[in-house]
Amino acid sequence: MLEVKNMVKTFFKGTINEKTALQGINLRLEEGDFCTVIGGNGAGKSTLLNSIAGVFPVDEGQITINDIDVTKMAEYKRAKYIGRVFQDPMVGTAGNMQIEENLILAMRRGKRLGLKWAFKDSEQAFFKERLALLGLGLEERLSARMGLLSGGQRQSITLLMATMLRPEILLLDEHTAALDPKTAENVLQLTEKLVSEHNLTTLMITHNMRDALRFGNRLIMMDAGRIIYDVKGEEKKKLTVQDLLEKFEVAGENALSDRMVLGTK
Ligand SMILES: Nc1ncnc2c1ncn2[C@@H]1O[C@H](COP(=O)(O)OP(=O)(O)OP(=O)(O)O)[C@@H](O)[C@H]1O
């Protein structure tokens, strides 16, 4: 369960560049909620995810994960509750390390590495089983360097790593935006599978309105640091791209970015 109450974040406070990126966000996700996040450029989507992950402190408000107040908890400590995947496939994995070494790091998330770096046989079997889920044949290439893999392969492994130790919250920041359409679809299908298999509480930013409608049981639309529309369950299932475009129209011409319009084609 994730609860965000009255969250405010202002960058460059007190300077001429002052920018309030989040203007009092309230959001509660129940366990297993899969919430897609849409909004135009600068709406505050990434700032919302970064605030939850603890990349920077927020100015006001409270963030709780399973009733634990993490508002002031350092990012590295919060990491034990959170799995994250970013847009850039190069960010989530270490390119100069082997697949298996990357997976070991994921297994030790939030723990000290120390001498326990060594690879156990039981882990190898577990890794092979998880990699086989991807259907990419990577279970036979445990010692391959991550840097030799394609963007889609790396992003699939990043997703696997982010969910390997079941995170309380999974944060996906346009994690398929840099992939070709076919690979993006595969990674989205994998996302859905992992989220439902582990009943993960998930926030997924996307600029693709169709994907925002197709995936998840909830959708929030952001504009100028606020959640301007929040829909779930049956009501979300009935929603169309046209409905979303109308909501954006009400919010004003800057609410919708060109990328989002392209994402409807
Ligand atoms: N680390 C930062 N330092 C200063 N300003 C920032 C920072 N991160 C975000 N901002 C500003 O906060 C506002 C919200 O940005 P944010 O990246 O959250 O928007 P977004 O909805 O994710 O947009 P996009 O879809 O373009 O990535 C923007 O005006 C942005 O310039």
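Residues numbered from 1 in each chain as written. Predicted model: local features only at pLDDT ≥ 70, side-chain atom pairs only at ≥ 80, totals over all residues.

In the nomenclature of an unreviewed UniProt entry, the protein chain is known as Methionine import ATP-binding protein MetN 2 of Veillonella rodentium. According to its UniProt record, the protein chain has this under Subcellular location (unreviewed entry): "Cell membrane". (UniProt positions renumbered as here; feature names shortened; annotations may be inferred.)

Here we take up the overall build of the protein chain. Secondary structure assignment for the protein chain yields 10 helices and 10 strands. Principal-axis analysis of the C-alpha atoms places the extent of the protein chain at approximately 55 × 40 × 35 Å. Intrachain contacts of the protein chain at a sequence separation of at least 6 include 71% that bridge at least 24 residues. (Helix = DSSP H or I, 4+ residues; strand = E, 2+ residues; numbered from the N terminus. Contact = placed C-beta atoms within 7 Å.)

So, on to the sheet that holds strand E10 (residues 226-232). Ordered in space as E6-E7-E8-E3-E9-E10, the 6 strands form an open sheet in which the pairing is mixed. Either end of the sheet is taken by a strand with one partner, and the two such strands are strand E6 (82-85) and E10. Each adjacent strand pair in this sheet contributes to an overall mean axis angle of 15°, direction not counted. Where strand E3 (residues 34-39) lies against strand E9 (residues 218-223), 5 bridges are found, and the strand directions are parallel. Bridge pairing links Cys35 to Arg218 in E9. Packing against the sheet, helix H5 (residues 151-164) makes contact with E6 and strand E7 (169-173), and its axis sits at approximately 170° to E6. (Pairing = 2+ DSSP bridges. Axes fitted to C-alpha atoms, helices over the stretch in contact; angles between N-to-C directions.)

This part is about the site of the ligand. Surveying the vicinity of the ligand reveals the residues Phe11, Lys19, Ala21, Gly39, Asn41, Gly42, Ala43, Gly44, Lys45, Ser46 and Thr47. For the shell around the ligand, the secondary structure elements donating two or more residues are strand E2 (19-29) and helix H1 (45-53). Per-element accounting of the shell around the ligand gives the leading share, 3 residues, to H1. A per-class count over the shell around the ligand returns 3 nonpolar, 6 polar and 2 charged. (Near = placed C-beta within 6 Å. Nonpolar A, V, L, I, M, F, W, Y, C, P; charged D, E, K, R; others polar.)

To continue, consider the environment of Ile169. Mapped onto the secondary structure, Ile169 falls in strand E7. A tally of 24 C-beta atoms within 10 Å means that Ile169 is categorised as buried. It is 6.6 Å that separates the C-alpha atoms of Ile169 and Leu200, two residues lying 31 residues apart in sequence. When residues no more than four places from it in sequence are discounted, the contact partners of Ile169 are Leu2, Ile52, Ile65, Tyr81, Ile82 and Thr201. (Buried ≥ 20, exposed ≤ 12 C-beta atoms within 10 Å, placed from the backbone.)

Membership of the largest hydrophobic core comes to 67 residues, with the highest contact counts inside it found for Val37, Ile52, Ile169 and Leu171. Per element, the largest residue contribution to this core is 6 residues, and it comes from helix H6 (residues 181-197). (Core = buried A, V, L, I, M, F, W, Y, C linked by C-beta atoms within 7 Å.)

The set of residues buried in helix H9 (residues 241-251) consists of Leu244, Phe248 and Ala251. The buried residues of H9 occupy an angular sector of 55° when projected down its axis, which confines them to one face. Facing away from the buried side of H9, by more than 90 degrees, are the exposed residues Gln242, Glu246, Glu249 and Val250. In this fold, the buried residues of H9 make contact with helix H7 (209-214), E9 and E10. At the C-terminal side of H9, Gly252 shows a positive phi close to 120°. (Arc of directions from axis to C-beta.)

This part is about the sheet that holds strand E5 (residues 68-69). Taken in spatial order, the 4 strands of this open sheet run E2-E1-E4-E5, and their pairing is antiparallel. The open sheet has two free edges, formed respectively by E2 and E5, since each of these has just one partner strand. Note that strand E1 (residues 2-11) and E2 share 8 bridges and pair antiparallel. Each residue of the ladder has a partner; that of Leu2, found in E2, is Leu29. Contacts between H1 and the sheet are confined to E1, E2 and strand E4 (60-65), with E2 contributing the most and set at about 65° to the helix.

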